[in-house]
Amino acid sequence: IAALDETLAHWRRIWRESGFQPIREEWLRHAARRGEPIRVRLAHDTLDGVFADLDFDGALILDCPDGRRRIVAGAVLPAEASAADDAGKDEDAYRN
């Protein structure tokens, strides 16, 4: 737990001193599936698209067939995840 506290303190200090941009850059450096198809499960919808970016507020930018979407909350899944993956899931767990 001490290591976690130190890491969080480090990133909070960066955020206070330099804003979100350095955190965004580091997150994107390690992000899986950027530029690849993903599925995002929202409270009442599921979107398929390409993980395009993370905006300057931290929202996921998803390129969908009907246009670019900004996602602020949702469960990010591999594109190959199916509706069967949702079987038995409690819908309340996905409400905003």
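Rules used in this analysis
- Residues numbered from 1 in each chain as written.
- Predicted model: local features only at pLDDT ≥ 70, side-chain atom pairs only at ≥ 80, totals over all residues.
- Heavy atoms only, no water.
- Phe/Tyr/Trp six-rings, centres within 6.5 Å; stacked < 30°, edge-to-face > 60°.
- Helix = DSSP H or I, 4+ residues; strand = E, 2+ residues; numbered from the N terminus.
- Buried < 20%, exposed > 50% of the residue type's maximum accessible area, 1.4 Å probe, protein only.
- Lys NZ or Arg CZ within 6 Å of the ring centre and 35° of its normal.
- Arc of directions from axis to C-beta.
- Core = buried A, V, L, I, M, F, W, Y, C linked by side-chain atoms within 4.5 Å.
- Pairing = 2+ DSSP bridges.

**Q** For the packing of aromatic side chains, give the residues involved together with the corresponding values.
**A** Inspection of the entire model under this criterion finds 2 aromatic pairs. Note on Trp 27 and Phe 51: the rings are 6.1 Å apart at their centroids and 70 degrees apart in plane angle, and the pair reads as edge-to-face. Of the two residues, Trp 27 sits in helix H2 (residues 21-30) while Phe 51 sits in strand E2 (residues 46-54), which places them 24 residues apart along the sequence. With relative accessibility at 44%, the residue Trp 27 sits in the partly exposed group. Residue Phe 51 is classed as buried on the basis of its relative accessible area of 3%. The ring centre of Phe 56 lies 4.4 Å from the NZ or CZ of Arg 24, which sits over that ring.

**Q** I'd like a description of H2, backed by residues and values.
**A** For H2, the full list of buried residues reads Ile 23, Arg 24 and Leu 28. Around the axis of H2, the buried residues are gathered within 130 degrees of arc, so they sit on the same side. Facing away from the buried side of H2, by more than 90 degrees, are the exposed residues Arg 29 and His 30.

**Q** Go over unusual backbone geometry with me, naming the residues and quoting the values.
**A** One non-glycine residue, Arg 33, lies in the positive phi region at around 70 degrees. When you line up the elements, Arg 33 lands in the loop between H2 and strand E1 (37-41). Under the relative-accessibility criterion, Arg 33 is labelled partly exposed at 31%.

**Q** Please set out the nonpolar core residue by residue, giving values where relevant.
**A** Ranked by size, the top nonpolar core spans 12 residues in total: Leu 28, Ala 31, Ile 38, Val 40, Leu 42, Leu 47, Phe 51, Leu 54, Leu 60, Leu 62, Cys 64 and Ile 71. When residues of this core are traced back to their parent elements, those giving at least two are E1, E2 and strand E3 (60-64).

**Q** Explain the pairing of E2 to me, using residue names and the numbers behind them.
**A** Relative to E2, E1 runs antiparallel, the two sharing 5 bridges. Bridge assignment links Arg 41 to a residue of E2, and that residue is Thr 46. Where E2 meets E3, 4 bridges bridge the pair, whose relative direction is antiparallel. Bridged to Leu 54 within E3 is Leu 60. Linking two consecutive strands that pair antiparallel, namely E2 and E3, is a turn of 5 residues; a positive phi of about 95 degrees is found at Gly 58 within it.

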